[in-house]
Amino acid sequence: MRLSAMGDVAMTVPVLRAFVKQYPTVKVTVISRPFFKPFFEGIPNLEFFAFDEKEKHKGFLGLLRLFKDVKKLKVDAFADLHNVLRSKVVGLLFALSGKKRAIVDKGREGKKELTRAENKIFKQLPTMFERHTKVFEELGFPVDLSHPEFPEKAVLSAEITDLIGENYQKLIGIAPFAQYDSKVYPVDLMQEVIAKLAENKDQTILLFGGGKKEIEILDALSEPFKNVINVAGKIKFQQELKLISNLDVMLSMDSGNAHIAAMLGVKVVTLWGATHPYAGFLPFNQSLENALTSDRNQYPKLPTSVYGNKIVEGYEDAMRTISPEDVVSRINSNV
C-alpha cells in the first residue's frame, strides 16, 4: 500500500465531512479500495463502494464493469478527486451518458515552478482541500471548510489499553517514516527527539510504521524507554485509526500518517525534507507554524520535489537542519 495513496484518500475525508453537513439531502458514494473503508465510517449519507482492482474491476473491461455497477446507484454527478487514468475513464463514461462531471486540477504547472532548480517561484499554492472544494463547486455544490467538524475520540478496546497501558496523561504519536528517504528525518536525530520526550513520565510516546524493516527500527528506538511503545504490527489498521484519534499530537513526516491524524482532528507537527508545505499538502486544519522545514539558506533549491521522489545530489542531509530541540519544542507547545 503506497503511503501517498493513503494520504490522497485521507485528504478527501474532511471535505466530504463538510459536504454532507452542508448538503444533508445529497447522498455521496465514495469509490475506493476496500482498505480505505474505515476512513469513511460514521459519515452520514455516505456509502462506500469497494473498487476491486485485482479481479472484477481490473483493466479496461473492469472499468466498464465498474461504471455499470456504479450507474445502478442512480448517480447524478461524478466528482473525480484523483485525476488518474482509471478515474478519468470512469468519469468520461458518466459524462458520455449525460451526467455532470468535474475533475480535480492538481496544479502541475505551479508545482513545477515551485520545485525547479532555476527561476523557482517560491509561493504558497492552493491546498488539495481547496482543489477538492472547487470540484464540488463546479458541480453546483460550494463547500465551506472554515468550520470543520471531526469525529469523537474513539473508545479504545482492551487490546489497545493492554498494549499502551492506562497510566498516561498525554499521548504523543510519532510516525518517522515516509515513502521516500528524502522525506525521512535521520534516525539518530529522531532518537534524540524520542529520548527528550520520554523524560516526561506523564507522556506516553507511541511509534507508528509498517513492514519488517521499519518495525525493527521502531523496536530499537522504543527499547530503552518504559513510556515509548512501538505499536507497529501489533494492532489492525482499524484499531490504529482509533488509537490515532486519541492522540494529543502526532509527529509525522510529509506522509499519509500526517493526513490520517489531521482528518481525525488531531494536532500534527510535520517535518519536511525535499518537499514543502507550499505544494499544497499541509495536513488539514494545521498551522504552517507546525510544519518544520529544512533550511533553504543552506539548501536553496528546496523544495526539489512535490512527492520526494527526486534525488538531488548534495541534498541528502537537508533534514539535519531541523534541530531535535525545535521538534521537541513544537510538540510540547501542542500537547
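The structure this text deals with has already been given above.
All of these numbers come straight from a predicted model, not from anything done at the bench. Per chain, residue numbering runs from 1 following the sequence as it is written. For this predicted model, a pLDDT threshold of at least 70 governs which residues receive local features, and a threshold of 80 or more governs which side-chain atom pairs are given and counted, while totals over whole chains, interfaces and linings are taken from all residues. Only hydrogens and water are removed before side-chain values are computed, so all heavy atoms of the structure are retained for them.

### What to know about the overall build of the protein chain
Item 1. Secondary structure counts use DSSP, requiring at least four H or I residues in a row for a helix and at least two E residues in a row for a strand, with both numbered from the N terminus. Along the protein chain, the regular secondary structure elements total 11 helices and 10 strands.
Item 2. Atoms counted for the radius of gyration: C-alpha only. Globule rule: 2.2 Å times the number of residues to the power 0.38. Relative to the 2.2 N^0.38 estimate, which gives 20 Å for 335 residues, the radius of gyration of the protein chain is 21 Å and therefore close to what a compact globule would have.
Item 3. Here the C-alpha coordinates of the protein chain stretch approximately 60 × 55 × 40 Å along the principal axes.
Item 4. Counting the 335 residues in the protein chain, one finds 50% classified as buried.
Item 5. Considering only contacts within the protein chain whose residues lie at least 6 apart along the sequence, 62% involve residues at least 24 apart. The rule is simple: take the accessible area with a 1.4 Å probe, protein chains only, and divide by the maximum for that residue type; under 20% is buried, over 50% is exposed, in between is partly exposed. By definition in these notes, contact holds between two residues if any of their heavy atoms fall within 4.5 Å.

### Here we look at the side chain of Asn290
Item 1. Relative to the helices and strands, Asn290 resides in the loop between β9 (267-272) and β10 (291-293).
Item 2. We classify Asn290 as buried; its relative accessible area is 4%.
Item 3. Within the structure, Asn290 has its side chain in polar contact with the side chain of Arg330 (distance 2.8 Å).
Item 4. A distance of 3.0 Å separates polar atoms of two side chains, one belonging to Asn290 and the other to Asn334.
Item 5. With near-sequence residues (within four places) excluded, Asn290 lies in contact with Val268, Val269, Thr270, Arg330 and Asn334. Any pair of nitrogen or oxygen atoms within 3.5 Å is treated as a polar contact; in protein, a donor-acceptor pairing is required on top of that, and neighbouring residues in sequence qualify only through side-chain atoms on both sides.

### Digging into the pattern of salt bridges
Item 1. For salt bridges, the criterion is a side-chain nitrogen of Lys or Arg within 4 Å of an Asp or Glu carboxyl oxygen. Evaluated as defined, the whole model comprises 11 salt bridges.
Item 2. Glu149 is the salt-bridge partner of Lys21, the closest N and O atoms lying 3.4 Å from each other. Pair noted here: Lys21 is in helix α1 (residues 3-22) and Glu149 is in the loop between α5 (128-138) and α6 (158-164), with a separation of 128 residues, a long-range link.
Item 3. Here Asp317 and Arg320 are joined by a salt bridge, their closest N and O atoms 3.9 Å apart.
Item 4. For Asp317, a relative accessible area of 43% puts it in the partly exposed group.
Item 5. Accessibility expressed as a relative area gives 39% for Arg320, which makes it partly exposed.
Item 6. A cluster of three or more residues bridged by salt bridges with shared partners is formed by Arg33, Glu53 and Arg86.

### Quick notes on the packing of aromatic side chains
Item 1. Any two rings among Phe, Tyr and Trp, with Trp reduced to its six-membered ring, count as a pair given centres within 6.5 Å; such a pair is stacked if its planes are under 30 degrees apart, edge-to-face if over 60, and tilted if neither. Inspection of every chain in the model, using the stated rule, returns 17 aromatic pairs.
Item 2. Note on Tyr299 and Tyr315: the rings are 5.0 Å apart at their centroids and 65° apart in plane angle, and the pair reads as edge-to-face. Highlighted residues: Tyr299 in the loop between β10 and α11 (324-332) and Tyr315 in the loop between β10 and α11, separated in sequence by 16 residues.
Item 3. The structure contains a cluster of three or more aromatic residues connected by ring pairs, namely Phe35, Phe36, Phe39, Phe40, Phe48 and Phe237.
Item 4. Comment: the charge-over-ring label is applied if NZ (Lys) or CZ (Arg) is within 6 Å of the ring centre and within 35 degrees of the ring normal. Sitting above the plane of the Phe122 ring, Arg296 keeps its charged end 3.7 Å from the centroid.

### Description of helix α2 (residues 59-71)
Item 1. Expected helix span is given by 1.5 Å per residue-to-residue step, counting one fewer step than there are residues. Helix length check: α2, at 13 residues, gives a terminal C-alpha distance of 18 Å against a target of 18 Å (1.5 Å per residue), a fit within 8%.
Item 2. The inward-facing, buried residues of α2 abut β1 (28-32), β2 (46-50) and α3 (85-96).

### Regarding the nonpolar core
Item 1. What makes a nonpolar core is a set of buried Ala, Val, Leu, Ile, Met, Phe, Trp, Tyr and Cys residues whose side-chain atoms join them at distances within 4.5 Å. Core analysis: the biggest nonpolar cluster contains 61 residues, and Phe39, Phe40, Ile164, Leu206, Phe208, Leu243 and Ile260 have the highest contact counts within it.
Item 2. For this core, the leading source of residues is α1, giving 10 residues.
Item 3. For Ile164, the contacting residues outside a window of four places in its chain are Leu156, Leu171, Thr204, Leu206, Ile229, Val231 and Leu243.
Item 4. Judged by nonpolar contacts, the second largest core, of 29 residues, contains Leu197, Leu207, Leu251 and Ile331.

### Comments concerning the packing of helix α9 (residues 237-245) against helix α10 (residues 256-263)
Item 1. Only C-alpha atoms enter the line fits that serve as axes; for helices the fit covers just the stretch in contact. Angles between N-to-C directions range over 0 to 180 degrees. Contact pair α9 / α10: the axes reach a minimum separation of 9 Å and the direction vectors enclose 60°. The angle between the axes of α9 and α10 places the two elements in the oblique class. At the point where α9 passes α10, the crossing takes the right-handed sense. Here α9 contributes Phe237, Leu241 and Ile244 to the contact with α10, which in turn contributes Asn257, Ile260 and Ala261.
Item 2. Only Asp, Glu, Lys and Arg are considered charged, only Ala, Val, Leu, Ile, Met, Phe, Trp, Tyr, Cys and Pro nonpolar, and every remaining residue, Gly among them, polar. The residue makeup of the contact of α9 with α10, split by class, is 5 nonpolar, 1 polar and no charged. Roughly parallel means an angle under 35 degrees; roughly antiparallel means over 145; roughly perpendicular covers 65 to 115; every other angle is labelled oblique. Left-handed describes a crossing in which the near helix is turned anticlockwise from the far one by less than a right angle; the clockwise case is right-handed.

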